[in-house]
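Results of the structural survey
Residue strings, one per chain:
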Amino acid sequence: MRSLKVNLDKKTVSSHEIRMGHNIVDRVILLIAKNHKASRYVMVTDSNVNRLYGAAMLSAMTQAGMNASLMEIPAGESSKNISTVMDITGKLLAAGADRGTLLIALGGGVVGDLTGFIASVYMRSVPYVQIPTTLIAQVDSAIGGKTAVDLPQGKNLLGTFYQPRAVFADLNFLSTLPDKEFNNGLAEVIKYGIIEDDKMFKLLEENMAAVKSKDPAYLLKIIETCCRIKKSIVEIDEREQGLRRILNFGHTLGHALEAASDYALSHGEGVALGMIAAARLSAKMHYLPKDESARIENLIIQAGLPSKIPFSFVPDAVIARLKMDKKKKDGMIHFILVKKIGMPFVSSSVSEQLIHDVLEEMKA
Ligand SMILES: NC(=O)c1ccc[n+]([C@@H]2O[C@H](COP(=O)([O-])OP(=O)(O)OC[C@H]3O[C@@H](n4cnc5c(N)ncnc54)[C@H](O)[C@@H]3O)[C@@H](O)[C@H]2O)c1
Ligand SMILES: [Zn+2]
């Protein structure tokens with residue numbers, strides 16, 4: 001079992017460990033029972049993960065002497081809302097859960113974001129741990145303490161910064177993850193390579209087939225590298241005042257495309273297209289050599305992610321959405337561009353005409 005420490009504010013308990021490995025879940029349960037003592041443990045999971053792992057997890061917790069129960073939400077982004085918060089908190093109250101309770105998020109980013117949000121507000125906060133079961137959650141959403149639910153007006157509009165007490169990533173969970181969900185995670189993995197680690201980018205270029213076959217050695221190396229990158233960025237900028245924005249590489253346009261497709265496009269697909277657009281913009285503005293932009297595009301294609309926008313759209317409507325993005329500042333669209341692989345920067349001088357041209361080029 002590998003371990004990384006996330007070093008945050010020393011005055012609070014927000015520093016914590018990320019542990020990862022294959023087949024570690026039994027040890028994880030024992031670690032939680034020993035290091036995170038609570039009068040009650042409530043595991044929150046979704047219907048898919050519950051079907052696959054719920055019973056085994058619950059019985060392992062009970063065998064470890066924990067006072068444990070499990071609560072299920074329907075799988076999918078549509079559960080990440082305030083009515084699910086009402087439902088789960090109502091059940092917590094009915095079960096008599098007080099501030100001595102520890103919540104455990106077992107699932108992907110939906111379960112993690114929602115459980116973290118509930119933990120941050122239930123009875124003015126209870127501790128929680130993350131057991132991420134998707135690639136996105138293991139390399140991204142379970143790390144950093146951003147919690148959220150969606151509002152009808154948009155995604156993640158209600159949320160908090162609230163760190164988990166620990167993150168435990170068992171790579172075995174990925175064995176049951178559908179390919180499409182695995183590919184979504186690969187988009188974030190490629191993102192980390194582009195923003196921070198040209199060595200990992202090269203490793204992905206040379207070994208994508210092994211990664212796609214979920215080869216254990218490569219997977220562990222990649223997940224550990226991604227966790228290390230994300231945690232180092234979060235350590236410097238926990239509340240996304242500056243540096244943490246580079247984690248949004250490919251996301252500005254990605255989110256706009258996801259929304260423009262009415263969410264027919266998955267998050268990973270949106271990010272893949274957004275990264276290709278950002279690479280092309282970087283090349284057109286003479287920051288990035290054209291062949292480097294092509295490497296980015298090729299790796300995304302090798303991962304099984306799209307390089308052409310697969311639905312019909314009006315570029316101006318997508319640009320209008322970009323301008324509505326909650327992360328925009330002073331009326332400017334802020335793009336994360338790259339000077340080379342591993343060297344991102346924030347630009348507010350990308351012209352609308354150039355975005356328009358790139359969107360036209362990327363039409364299927
Ligand atoms: N907090 C953050 O910093 C952050 C970062 C990135 C993404 N997010 C959020 O994460 C969410 C996306 O996360 P996600 O892609 O994990 O989505 P998800 O939680 O919906 O999981 C994707 C699908 O995989 C299923 N699944 C989960 N684990 C499985 C397993 N081991 N085997 C088989 N099926 C499994 C789920 O039931 C679901 O159907 C979004 O809501 C996004 O906003 C948050
Ligand atoms: Zn993302």
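Criteria and thresholds
- Residues numbered from 1 in each chain as written.
- Chains lettered and ligands numbered in written order.
- Predicted model: local features only at pLDDT ≥ 70, side-chain atom pairs only at ≥ 80, totals over all residues.
- Heavy atoms only, no water.
- Helix = DSSP H or I, 4+ residues; strand = E, 2+ residues; numbered from the N terminus.
- Rg over C-alpha atoms; globule rule 2.2 N^0.38 Å.
- Buried < 20%, exposed > 50% of the residue type's maximum accessible area, 1.4 Å probe, protein only.
- Contact = heavy atoms within 4.5 Å.
- Areas by Shrake-Rupley, 256 points an atom, 1.4 Å probe, with all protein chains shown as cover.
- Near = heavy atom within 4 Å.
- Polar contact = N/O pair within 3.5 Å; in protein donor to acceptor, adjacent residues only side chain to side chain.
- Nonpolar A, V, L, I, M, F, W, Y, C, P; charged D, E, K, R; others polar.
- Pairing = 2+ DSSP bridges.
- Salt bridge = Lys/Arg side-chain N within 4 Å of Asp/Glu carboxyl O.
- Expected span 1.5 Å × (residues − 1).
- Bend = angle between axes of the 7 residues up to and from the residue.
- Arc of directions from axis to C-beta.
- Core = buried A, V, L, I, M, F, W, Y, C linked by side-chain atoms within 4.5 Å.
- Domains from an automatic or database assignment.
- Buried area = accessible area lost by both parts, 1.4 Å probe.
- Axes fitted to C-alpha atoms, helices over the stretch in contact; angles between N-to-C directions.

**Remarks on the overall build of the protein**
Within the protein one finds 13 helices and 11 strands. Here the C-alpha radius of gyration of the protein, 20 Å, is about what a compact globule of 364 residues would show, namely 21 Å. For the protein, the C-alpha atoms occupy an extent of roughly 60 × 40 × 40 Å along the three principal directions. The burial tally for the protein puts 57% of its 364 residues in the buried class. A separation of at least 24 residues holds for 75% of the contacts in the protein among residues at least 6 apart in sequence. If you sum the accessible surface of the protein, you get close to 15300 Å²; carbon and sulfur atoms cover 53% of it.

**Regarding the site of ligand 1**
Neighbouring ligand 1 are 26 residues, the closest being Asp46, Glu77, Gly109, Thr133 and Thr134. At 3.4 Å from an oxygen atom of ligand 1 is found a side-chain nitrogen or oxygen belonging to Asn156. Across the complex, the protein chains shield 89% of the 860 Å² of accessible surface that ligand 1 would expose by itself. Element by element, the count of residues in the shell around ligand 1 is highest for helix 2 (residues 47-63), at 4 residues. When its residues are assigned to classes, the shell around ligand 1 shows 9 nonpolar, 8 polar and 9 charged.

**Things to note about the pairing of strand 8 (residues 154-161)**
With 5 bridges joining them, strand 7 (residues 146-151) and strand 8 adopt antiparallel strand pairing. In the strand pairing of strand 8, Lys146 is matched with Phe161. Counting the residues that bridge the hairpin from strand 7 to strand 8 gives 2 residues.

**Digging into the pattern of salt bridges**
Side chains carrying opposite charge are able to pair once their charged atoms draw close together. This structure, assessed with the given rule, holds 21 salt bridges. Close ionic contact of Glu188 with Lys191 constitutes a salt bridge, the shortest N to O distance being 3.0 Å. Here Glu188 and its partner Lys191 are both found in helix 6 (residues 179-196), 3 residues apart, which amounts to about one turn of the helix. A relative accessible area of 1% means that Glu188 is categorised as buried. We classify Lys191 as buried; its relative accessible area is 1%.

**Here we look at helix 2**
Taking 1.5 Å of rise per residue, 17 residues should cover 24 Å, and helix 2 covers 23 Å from first to last C-alpha, within 8% of that figure. At Tyr53, helix 2 shows its largest bend, some 65°. Residues of helix 2 that are buried include every one of Val49, Asn50, Tyr53, Gly54, Met57, Ala60 and Met61, and no others. On its buried face, helix 2 sits against helix 1 (25-35), strand 3 (40-46), strand 4 (68-73), strand 5 (101-107) and strand 6 (128-132).

**A short note on the environment of Lys5**
When you line up the elements, Lys5 lands in strand 1 (residues 2-6). Classification of Lys5 by relative accessible area gives partly exposed; the value is 42%. Residues Lys5 and Ala217, 212 residues apart in the sequence, show an inter-C-alpha distance of 21 Å. When neighbours within four sequence positions are excluded, Lys5 is seen to be in contact with Ser15, His16, Glu17, Lys231 and Glu235.

**Thoughts on helix 12 (residues 315-324)**
Those residues of helix 12 that fall on the buried side of the exposure criterion are Pro315, Val318, Ile319 and Leu322. Viewed along the axis of helix 12, the buried residues span an arc of 100°, placing them on a single side of the element. Where helix 12 is buried, its residues contact helix 9 (251-260), strand 10 (335-340) and helix 13 (352-361).

**Let's talk about the nonpolar core**
With 79 residues, the main nonpolar core has Leu135, Ile190, Leu204, Leu257, Phe335 and Leu359 as its most contacted residues. Here this core spans two domains, since at least three of its residues come from each of domain 1 (2-176) and domain 2 (180-210 + 240-361). Non-local contacts of Leu359, meaning those with residues more than four positions away in its chain, are made with Leu253, Leu257, Ile309, Phe313, Pro315, Val318 and Ile319. Among the nonpolar cores identified, the runner-up in size contains 23 residues, and Ile24, Val49, Met61 and Ile104 belong to it.

**What about the domain arrangement of the protein?**
Each assigned domain of the protein is listed with its residue range as follows: domain 1 (2-176) and domain 2 (180-210 + 240-361). Taking only C-alpha atoms into account, the centre of domain 1 sits 29 Å from that of domain 2. With 11 residues of domain 1 at the contact, the number on the domain 2 side is 14 residues. Both faces combined, the contact of domain 1 with domain 2 buries some 1000 Å², and carbon together with sulfur accounts for 60% of it.

**Describing the sheet that holds strand 4**
Spatially, 1-2-9-6-5-3-4 is the arrangement adopted by the 7 strands of the open sheet, whose pairing is mixed. The open sheet has two edge strands, strand 1 and strand 4, and neither has a second partner. Going from strand to strand, the sheet's axes swing by 20° on average, the running direction of each strand aside. Pairing of strand 3 with strand 4, which is carried by 6 bridges, proceeds in the parallel orientation. Each residue of the ladder has a partner; that of Tyr41, found in strand 4, is Ala68.

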